[in-house]
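Listed here are the chains, written in short residue letters.
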Amino acid sequence: MKENRPTRHVLRWISYVIVGVAALYFLRELHRRTADIPPIAWGPQAITALLFGILAVAATALLIGAIWHLLLRDQAQPLPLSKAIQIVAISQIGKYLPGNVGHFAGRAVLAREAGVPIGITASTLLIETAWTLAIGAGFSAMAFIFYLDSGTSSQFTSLGLLEFVLATLFLLALPWAGIQLVNRLAPGLSRRVGGGQLVSPPKAVTALTVSALMVFCFLLLGASLKLQAEWFFQLQEVPWLPLTCLFTAAWLVGYVVPGAPGGLGVREAMMVVLLSPLVGPGVAVGLGLSMRLVSVGGDGLAFLIGVLSRRWPRHLSGDHDANQ
């Protein structure tokens, strides 16, 4: 283990440098493009976009709880749906701690209090992370294939029906490859979190349901961003799917860079780079700010829901029956 410490130390500092450079780039663009950001006309539409964005982010946190419930059940470790959602809703706020892993540690602690062994939690977290990366990579691949060669918004085209169906099937099936990749490239890690055995992919029904829920989460966030672009910054008819794919690519970079709390700085910088051809640099900067605002608000709302649910009667919280 001592031999790995210098390497980990170097990687940690590299991640800090990446986060710092990304944050400085976004702040520079914010300074340059402040005059280009359309003023928000606060009215019913803008308030609706704000509330929808906060609710969409909170809903994704609750859906992650449902996903975790399914993965636990697949590992023969039943946990009531309401309890799984409660634990995830509370622990998600931990992603804003330095290191961007506080939400995982918090979930493990709360899960252990609920009777879920650490090994099972680690195994399901590995599967969930692989699934998230795979779905996010699928949207990102669509962004690269269909949209990133577009120089201006007028060049963005909609997918045809066949392309859309193939892309959907690609997104739903891709996570299976993620688990196999982890098992092949990091078998030691897989066995460590899998209790001595390679982590096996979820059952087919569970896998498809988890994939569909994750796809829905990204589409929901894309819808929120579309409303912000149109109702905050008065753009006309921003295409939903290209916006979703490009935003997901930016989100994925913020997700995988260690050390960025909640992807802070990294996600915003990538949004400026990737969204500028579609919405213009000024609006891209504005969307980076507004999406961070609704993200923090949504995660805060989810945390509040989770904390308040701990005070609900046991027959409502689901704690009375761990076998549901």
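Residues numbered from 1 in each chain as written. Predicted model: local features only at pLDDT ≥ 70, side-chain atom pairs only at ≥ 80, totals over all residues. Heavy atoms only, no water.

*Asks:* Explain the pattern of salt bridges here, please?
*Replies:* Pairs can form between side chains of opposite charge whenever their charged atoms are close. Applying the stated criterion across every chain yields a total of eight salt bridges. For Arg107, the salt bridge goes to Glu128, with nearest N and O atoms at 2.6 Å. In this pair, Arg107 sits in helix α4 (residues 102-113) while Glu128 sits in helix α5 (residues 118-147), placing the two residues 21 residues apart along the sequence. A single salt-bridge network, built from bridges that share partners, covers Arg28, Glu29, Arg32, Arg33 and Asp36. (Salt bridge = Lys/Arg side-chain N within 4 Å of Asp/Glu carboxyl O. Helix = DSSP H or I, 4+ residues; strand = E, 2+ residues; numbered from the N terminus.)

*Asks:* How should I be thinking about the environment of Leu220 in this particular structure?
*Replies:* By the secondary structure assignment, Leu220 is in helix α8 (residues 204-232). On the basis of relative accessible area, Leu220 is assigned to the buried category, the value being 15%. Each C-alpha atom of the pair Leu220 and Leu55 lies 10.0 Å from the other, and the pair is 165 residues apart in sequence. Apart from residues no more than four positions distant in its own chain, Leu220 is found in contact with Phe52, Ala56, Ala59 and Thr60. (Buried < 20%, exposed > 50% of the residue type's maximum accessible area, 1.4 Å probe, protein only. Contact = heavy atoms within 4.5 Å.)

*Asks:* Can you help me understand the side chain of Arg107 in this one?
*Replies:* What makes Arg107 buried here is its relative accessible area of 1%. Apart from the residues within four sequence positions on either side, Arg107 is in contact with Ile64, Trp68, Ile87, Val88, Ser91, Gln92, Leu125 and Glu128.

*Asks:* I would appreciate a short explanation of the packing of helix α2 (residues 44-74) against α8 in the present structure.
*Replies:* It is at 9 Å that the axes of α2 and α8 come closest, and there the two elements cross at 170°. What the angle tells us is that α2 and α8 run roughly antiparallel. Split into classes, the residues belonging to the contact of α2 with α8 amount to 22 nonpolar, eight polar and one charged. (Axes fitted to C-alpha atoms, helices over the stretch in contact; angles between N-to-C directions. Parallel < 35°, antiparallel > 145°, perpendicular 65-115°, else oblique. Nonpolar A, V, L, I, M, F, W, Y, C, P; charged D, E, K, R; others polar.)

*Asks:* I tried to follow the nonpolar core on my own but got confused; where do I start?
*Replies:* The nonpolar side chains of a soluble globular protein tend to be buried, and buried together. Core analysis: the largest hydrophobic core is formed by 56 residues, its most contacted members being Leu225, Met271, Leu275, Val279 and Leu287. Breaking this core down by element, the ones donating at least two residues are α1 (5-33), α2, α5, α8, α9 (240-256), α10 (266-279) and α11 (281-309). The dominant element in this core, judged by the number of residues it contributes, is α8, at 10 residues. In this view, Leu225 contacts Leu243, Phe247, Met271, Leu275, Leu287 and Met291; residues no more than four positions away in its chain are not counted. Leu79, Val88, Ala111 and Val116 belong to the second largest nonpolar core, which has 10 residues in total. (Core = buried A, V, L, I, M, F, W, Y, C linked by side-chain atoms within 4.5 Å.)

*Asks:* How do you make sense of helix α3 (residues 81-91) when you look at a structure like this?
*Replies:* What sets the pattern is the α-helix's 3.6 residues per turn: residues three or four places apart point alike. Here α3 lies mainly inside the structure; eight of its 11 residues are buried. Buried within α3 we find Lys83, Ala84, Gln86, Ile87, Val88, Ala89, Ile90 and Ser91.

*Asks:* Is there a simple way to think about a nonpolar patch on the surface in this case?
*Replies:* A cluster of nonpolar side chains, Leu304, Ile305, Leu308 and Trp312, forms an exposed patch at the surface whose accessible area comes to about 360 Å². When you line up the elements, Trp312 lands in the loop between α11 and α12 (314-317). Since its relative accessible area comes to 44%, Trp312 is described here as partly exposed. (Patch = residues over 30% accessible without salt bridge, like charges linked within 9 Å, V, L, I, M, F, W, Y side chains within 5 Å. Areas by Shrake-Rupley, 256 points an atom, 1.4 Å probe, with all protein chains shown as cover.)

*Asks:* Would you explain the environment of Leu301 in this entry?
*Replies:* Looking at the element boundaries, Leu301 is found in helix α11. Of the residues examined, Leu301 reaches a relative accessible area of 25% and is grouped as partly exposed. Residues Leu301 and Ala89 lie 212 residues apart in sequence; the distance between their C-alpha atoms is 8.7 Å. Apart from residues lying up to four places away in sequence, Leu301 is in contact with Ile54, Leu55 and Ala58.

*Asks:* Can you walk me through the packing of aromatic side chains in this structure?
*Replies:* Centre-to-centre distance and the angle between the planes together describe a pair of aromatic rings. Overall, the coordinates contain five aromatic pairs when judged by the stated rule. Following the ring pairs from residue to residue traces out a cluster consisting of Phe139, Phe218, Trp251 and Tyr255. (Phe/Tyr/Trp six-rings, centres within 6.5 Å; stacked < 30°, edge-to-face > 60°.)

*Asks:* How should the layout of surface pockets be read in this particular structure?
*Replies:* Once rolled over the atoms, a probe with the size of a water molecule shows which space is left empty. Reported here for the largest pocket is a volume of approximately 1100 Å³. Along the walls of the largest pocket sit 45 residues, with Asn100, His103, Phe104, Trp251 and Tyr255 positioned nearest its centre. At the level of elements, α1, α2, α4, α5, α8, α9 and α11 are the ones that each hand at least two residues to the lining of the largest pocket. The dominant element in the lining of the largest pocket, judged by the number of residues it contributes, is α5, at eight residues. Broken down by class, the residue content of the lining of the largest pocket amounts to 25 nonpolar, 13 polar and seven charged. (1 Å grid on protein atoms, 1.4 Å probe; cavity = no way out; pocket = protein on both sides within 12 Å on 5 of 7 lines; lining within 4 Å. Points joined across faces, edges and corners; volume = space filled by probe spheres on them.)

*Asks:* Just checking my understanding: could you explain the packing of α10 against α11 for this structure?
*Replies:* In helix packing, the relevant descriptors are the interaxial angle and the interaxial distance, both defined with respect to the helix axes. Contact geometry for α10 and α11: axes closest at 7 Å, N-to-C directions at 135°. Here α10 lies oblique to α11, going by the angle between them. For the crossing formed where α10 meets α11, the hand is right-handed. Contact with α10, carried on its side by Arg267, Glu268, Met271, Val272, Leu275, Ser276 and Val279, involves Pro281, Val283, Ala284, Val285, Leu287, Gly288, Met291, Arg292 and Ser295 of α11 and no other residues of that element. (Left-handed = near helix turned anticlockwise from the far one by under 90°.)

Any functional reading would require information that these geometric values do not contain.
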